[in-house]
Structure formats: structure tokens, C-alpha cells
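Chain and residue survey
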Amino acid sequence: MINRQVDVAVIGGGPAGLSAAISAKEHGANSVVILDRNSWPGGILPQCIHDGFGVEETGESMTGPEYATKYIEMAKQENVEIMIQTMVLQFDEKQNIIAVNKNGIHTIKAKAIVLAMGCREKTRWHAMIPGDRLSGIFTAGVAQSFINLYNIMPGKNVVILGSGDVGLIMARRLRFEGANVLGVVEILPYASGLPRNVVQCLKDYDIPLFFNHTVTSIAGRERLERVKIAQVDENMVPISETEQELKCDTLLLSLGLIPENELSKNANIEIDEITGGPVVDQNFETNLGGVFACGNCLQVYDTVDMLSLDAKRVGKNAAKYTDDQKQKENGIRLLSGEGVRYVVPQRINEYGKMQLTLRADKPKDVSTLYVLFGAKEILKKRLPWVNPAIMIKIDVDISSKVLESGQSLEVKIK
Amino acid sequence: MIEEKEITCIVCPIGCRILVRTDEKQIEKLDGNKCKQGIEYAINEALDPRRMLTTSVLVKDGEWPLVSVKSSQPVPKNKVFQVLKEIKMVKISAPIESGQKIINNVANTDINIVATRTVKKIMK
Ligand SMILES: Cc1cc2nc3c(=O)[nH]c(=O)nc-3n(C[C@H](O)[C@H](O)[C@H](O)COP(=O)(O)OP(=O)(O)OC[C@H]3O[C@@H](n4cnc5c(N)ncnc54)[C@H](O)[C@@H]3O)c2cc1C
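Okay, so let's go over this structure. No experiment lies behind these values; they were computed from the predicted model shown.

Turning our attention to the overall build of chain A. From N to C terminus, chain A includes 10 helices and 27 strands. Taking 2.2 N^0.38 as the reference for a compact globule, 414 residues should give roughly 22 Å; the C-alpha atoms of chain A span a radius of gyration of 22 Å, in line with that estimate. Dimensions of chain A, computed from the C-alpha atoms along their principal axes, are close to 65 × 60 × 40 Å. The proportion of buried residues among the 414 residues of chain A is 56%. Counting only contacts in chain A whose residues sit at least 6 apart along the sequence, the fraction spanning at least 24 positions is 62%. Within the structure as shown, chain A displays about 18000 Å² of accessible surface, and the carbon and sulfur contribution to it stands at 49%.

So this is what it looks like as C-alpha cells:
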């Protein structure tokens, strides 16, 4: 057993973990270590070879690998230690971490822990697609790693289920590599990915996007040979008369991402059922004091820019915690009301200015966002449009009176 | 020659369909935009649409079989597949540095193809 102590331990070395670690160092933490199970730092970024990363943050559009390199270099300059090929097995409320790598088992005692484990993709079982069990069905991100990292083409004739960004980007990538993309099938009446990707990945190459459609069956012998797709009614039930068959050897699933929180659950961290990530306060601290969460394991961000900016704040808060291990009150709840899918943070235990991030439940034109304390409007803001694919950020000022009332706040979009 | 094109604006999620009428290299008319932000985009899309191109190039003796690459500038949209075809014919030996030029003046566009990551050489 290899024992050691650090100020801040970061679990996961993607853009979130790197940003948090750099910022923790900048804000006075003496020793910061990143633990990542991959054989490279940078998380998912090396396989995201398209550009568009960093625009909001730096004004410059970088590819995923370039963005990762920039952060890895900064981490080295700040003397952040990065342990790759190191899998974290568990941690507890006393900030003890158990990890394993080829040198053996490591026990790490940290003053603060930052969770940055990223997320994983939903699979066929989340969409409950009936049909044969055969090869040729991949999640979009797995196909992306095959093509972009390992030079393996998953197939020739491809149907994509789900219009998330990863699926849209893969439609174009497959076209570039000579595959025939028969279409993207989306059960909702709108795309879940960014408008830019709908235009530049599908429209540019005349790839059809079937709205209000889903895959109703999968068939083939060993390899996928055909799928059936059909339109759905307002209750999302397929209309059998509209069923059509598409001959294909590959089905990619782009059904969305699920925050990776097995470790958090085992440590008794409270999880928000909607975001899939830990319930946090305005400092991104979980219900375990000294354990903070950031990146896609907290909530699935639209772009890496916002994610990195938030992760920097998390790093700063973790560094602060290392010399002031103050126990906090539970505080008050922030609830998602009408028109709102979720809000982060879910808890507030300090008064003052803070940022809320939230998502609408469906696309709408001109709307109004309210933060309500009982019947009183703490904040009212007109929004020219809302779209669930685009996260909403707002600043609010919470008074000590509101906090001391113990009453929940509610966020609404009408 | 007068031409009309419908451009889906990508500046915000409203996705206005902007109708642009052009006469050779002149804008005749612009219609359907709810705000001014997408005008420049729509004009460029109508007169000279371009796209950043990212793909990968085969690598010999590398820790990875591929190196990710990008175009040094946006490529005219109608040349995308020509550029891709030329990129596919190339195989480059490791080591490769991020930022290294892989192809000069690809498909006579005056645009270069540049590596976006480092690939180390593997010792055999
Ligand atoms: C296909 C795809 C395309 C995208 N395109 C864009 C885009 O165009 N623009 C944009 O801004 N964003 C894009 N994104 C989003 C962006 O890549 C992600 O938001 C970002 O990588 C998430 O960062 P992260 O650090 O939270 O997670 P990740 O990058 O996933 O990193 C998490 C890390 O944690 C490690 N880990 C997990 N559990 C453990 C454990 N128990 N022990 C040790 N290590 C562990 C993992 O190995 C991984 O390295 C895209 C994402 C995907 C998947």
C-alpha cells in the first residue's frame, strides 16, 4: 500500500479536472494531484478532433486536442501532478481516496476532493429499442473514438438515432470517411444539438433529419442489416402506417449523456435525479463537506467553455477549503418550477451574489424568467428565446433575510 | 445573374431563415432576419460559403495510427471533398508536433493542412 497526503485531489483529468486543478494551485493549494484512469490526460477531448472549443472563453476556436494541450501545459507549469492509468475505486467523507495503478494500491488523504469524472453515453437499453441482439450498434462517442483515435471504420451504411451534438458531428465525420449516412432520427420535434451543428453537419451534406421519428425495430443475422423507423404521435407512440425500412449495417446512438457518479453514490453523496449529478451549493460543494463537483459529472454542459469557467471556481473553492474547513449549514433549497428542467446549485447556504445555471423544459419564443421567494419576485428577466439545448446563466443576489427564512426559492420560465 | 438562397442563421437558436438575393457578387435583398446579428453570416453564406475542415492523417511508426489535422483557414465549401481526397493520400512518419504543417497549398486553395496534436514515435 502506498500512502500519501495532498491538499487537493482531483478525480478525473478531462478539461474540468485540469481547470479545477490549475485554479486550486493558483489559489494557494500546495499540492494538487489529478488521478485519471486513461493512459492520457485530457479526458474525452483527444477524440473530439472538430473545432469550436474555447470560443466563448478565449475568442479563439480550437479543436479538442488543441484545447486539451493548452490546459495540460498550464497544469505542468503550475506543478500539478497528473497520475494517469490510475483508477479511483472509492473515497469517503473523511477525504480518504483509494486508487489503483500498476504500482499497486494507493491511499491518498486529501484536505479537499474535486469530482471531475465526466459522463458516459446512454445505450440501446435507455431507448428500449426492441429487436435482435447483433453487432453494428454503437454509441456515437465510441464510434468517434474508433474513427478518430484507432483508425477503425464502424460501418458503411449508417443510421443515427438521436440528434445530440455527438451524433450530428459523427454524421459529418462518417461522410468525410466515405460512409453513407441515411439519416438522423429524432423523436422530438426539434434537434437536441446546437443549431450550428444541424446546419454544418447535416444540411451541408444533405443528410436527412427525421423529426418526430424513432427506430421501431432492429434486424439482421450476426450483423445489423436493417432498421425500421416510424413517426410518433403526440404521446411518443409509433404510428404503424408510417413505418419505413432502412437498409444499413450500422446504428449509432446519440441519446444523451449520463453523469458518471458511481463513486459519489458509494460515498453517500446526494444526487439530483434530473441532472444526474451531485446536489451542490453555490460553491459547488456537495453534502459531504470538502467534496466539490464540476464538469460533466455535475451537469452535462453544452460547451467546454462554460464547463472550464465553472471548474475554475470549483478549484478556487477547494483551495479555500484546505485552510478553512468550515462546516456549513444545510441552507435553503432552490426548486425548478414551471418551464424549468433543472437548476444548479440546488442549495444555497450563503447570502450574496451568485450565478445560477438552468435549462428550460422546451423551446419557446419570448419568455420571462422568475426567481420567486413565495409570491415575491427576487428576479425577473425577459428572455428573447429559450431552448433546452442552450443553458441559461443568470446572476442573483440572495439576501440574508431570504436565507434565514429557511423557505425554498423557486425558478420559473413563463 | 440574379440568384436567391435561403440561409438558416446559426447565430442563435431561433434559426431565422434568411432569404438572400444576389446579383453576381452584389447583395440585392436580404429578408427574414429578426435581428442584425446574422447579417454578416448570411452574406458570407450567400457569396462565399466556407468551412473549417478537420479530419485525420495516417501515421507511420506512431504511438497512434492517426494524427488529427485542421485547415489553416476555412475552405470554400465546394472544395471540401477535393481537399479531403488529397488528405487521404498522405501518410506521414512520427514524430509529429502539434502545429506542424502536413500539406502545403492543399488542392490549390493556398490553404495548408496542420497537425492539431503531437504523436510520438514508437521504438521498435
Ligand atoms: C463527442 C463529443 C463532442 C463534443 N463536442 C464539443 C464541442 O464541439 N464543443 C464543446 O465545447 N464541447 C464539446 N463536447 C463536450 C466536451 O468534450 C465535454 O464537455 C468535456 O470533455 C467534459 O469534460 P469533463 O472533464 O467533465 O469530462 P471528460 O472529458 O469525460 O473527463 C473525465 C475524466 O475522468 C476520468 N475518470 C472517470 N472516472 C474515473 C475514476 N473512477 N478514476 C479515474 N479517472 C476517472 C475519465 O477517464 C476521463 O478522463 C463534446 C463532447 C463529446 C463527447
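Additional details are given in the paragraphs that follow.
Our focus in this paragraph is the environment of L30 of chain B. Residue and element names in this part refer to chain B. Of note, L30 is situated in strand 3 (residues 26-31). C-alpha separation for the pair L30 and I43, spaced 13 residues apart in sequence, amounts to 8.6 Å. Setting aside chain neighbours within four positions, we find L30 in contact with I18, L19, V20, I39 and I43.

The subject of this paragraph is the sheet that holds strand 1 (residues 2-8) of chain B. All names here are of chain B. Strand order in this open sheet of 3 strands is 1-2-3, and the pairing throughout is antiparallel. Whereas interior strands pair on both sides, the edge strands pair on one side only; in this sheet they are strand 1 and strand 3. In this sheet, neighbouring strand axes are inclined to one another by 25 degrees on average, regardless of whether the strands run parallel or antiparallel. Where strand 1 lies against strand 2 (residues 17-23), 7 bridges are found, and the strand directions are antiparallel. Looking at the pairing, E4 lines up with R21 of strand 2. Lying on the sheet, helix 1 (residues 39-47) is in contact with strand 1, strand 2 and strand 3; it crosses strand 1 at an angle near 130 degrees.

Residue and element names in this part refer to chain A. Not every one of the 29 residues close to the ligand is listed here, only the nearest: D36, I44, H50, Q144 and V304. Contact between the ligand and A16: an oxygen atom at 2.9 Å from a main-chain N or O atom of the residue. Between an oxygen atom of the ligand and a main-chain N or O atom of V304, the distance comes to 2.6 Å. Those elements that place two or more of their residues in the shell around the ligand are helix 1 (15-26), strand 6 (87-91) and helix 9 (304-323). Of the residues belonging to the shell around the ligand, the class tally is 15 nonpolar, 12 polar and 2 charged.

The next thing to look at is the interface of chain B and chain A. Listed per partner, the contact involves 26 residues of chain B and 27 residues of chain A. Between chain B and chain A, a total of about 2400 Å² is buried, with carbon and sulfur atoms accounting for 61% of that surface. In this structure, D204 of chain A and K77 of chain B form a salt bridge, with 3.3 Å as the shortest nitrogen-oxygen distance. Elements supplying a minimum of two residues to the side of chain B that touches chain A: strand 5 (54-60), strand 6 (66-71) and helix 2 (80-88) of chain B. For the side of chain B that touches chain A, the residue count by class is 14 nonpolar, 6 polar and 6 charged.

Under the definition given, this model contains 9 aromatic pairs over all chains. Through successive ring pairs, a cluster of aromatic residues spans W40 and Y150 of chain A together with W64 of chain B.

With that settled, the discussion passes to the pattern of salt bridges. Pairs can form between side chains of opposite charge once their charged atoms are near each other. Residues and elements named next belong to chain A. Summed over all chains, the structure comprises 25 salt bridges over all chains. With a shortest N-O distance of 2.9 Å, R313 and D310 are connected by a salt bridge. Pair noted here: R313 and D310 are both in helix 9, with a separation of 3 residues, about one helical turn. We classify R313 as partly exposed; its relative accessible area is 30%. One connected set of salt bridges, linked through shared partners, spans R37, R120, E260, E262 and K265.

What counts and how
Residues numbered from 1 in each chain as written. Chains lettered and ligands numbered in written order. Predicted model: local features only at pLDDT ≥ 70, side-chain atom pairs only at ≥ 80, totals over all residues. Heavy atoms only, no water. Helix = DSSP H or I, 4+ residues; strand = E, 2+ residues; numbered from the N terminus. Rg over C-alpha atoms; globule rule 2.2 N^0.38 Å. Buried < 20%, exposed > 50% of the residue type's maximum accessible area, 1.4 Å probe, protein only. Contact = heavy atoms within 4.5 Å. Areas by Shrake-Rupley, 256 points an atom, 1.4 Å probe, with all protein chains shown as cover. Pairing = 2+ DSSP bridges. Axes fitted to C-alpha atoms, helices over the stretch in contact; angles between N-to-C directions. Near = heavy atom within 4 Å. Polar contact = N/O pair within 3.5 Å; in protein donor to acceptor, adjacent residues only side chain to side chain. Nonpolar A, V, L, I, M, F, W, Y, C, P; charged D, E, K, R; others polar. Buried area = accessible area lost by both parts, 1.4 Å probe. Salt bridge = Lys/Arg side-chain N within 4 Å of Asp/Glu carboxyl O. Phe/Tyr/Trp six-rings, centres within 6.5 Å; stacked < 30°, edge-to-face > 60°.

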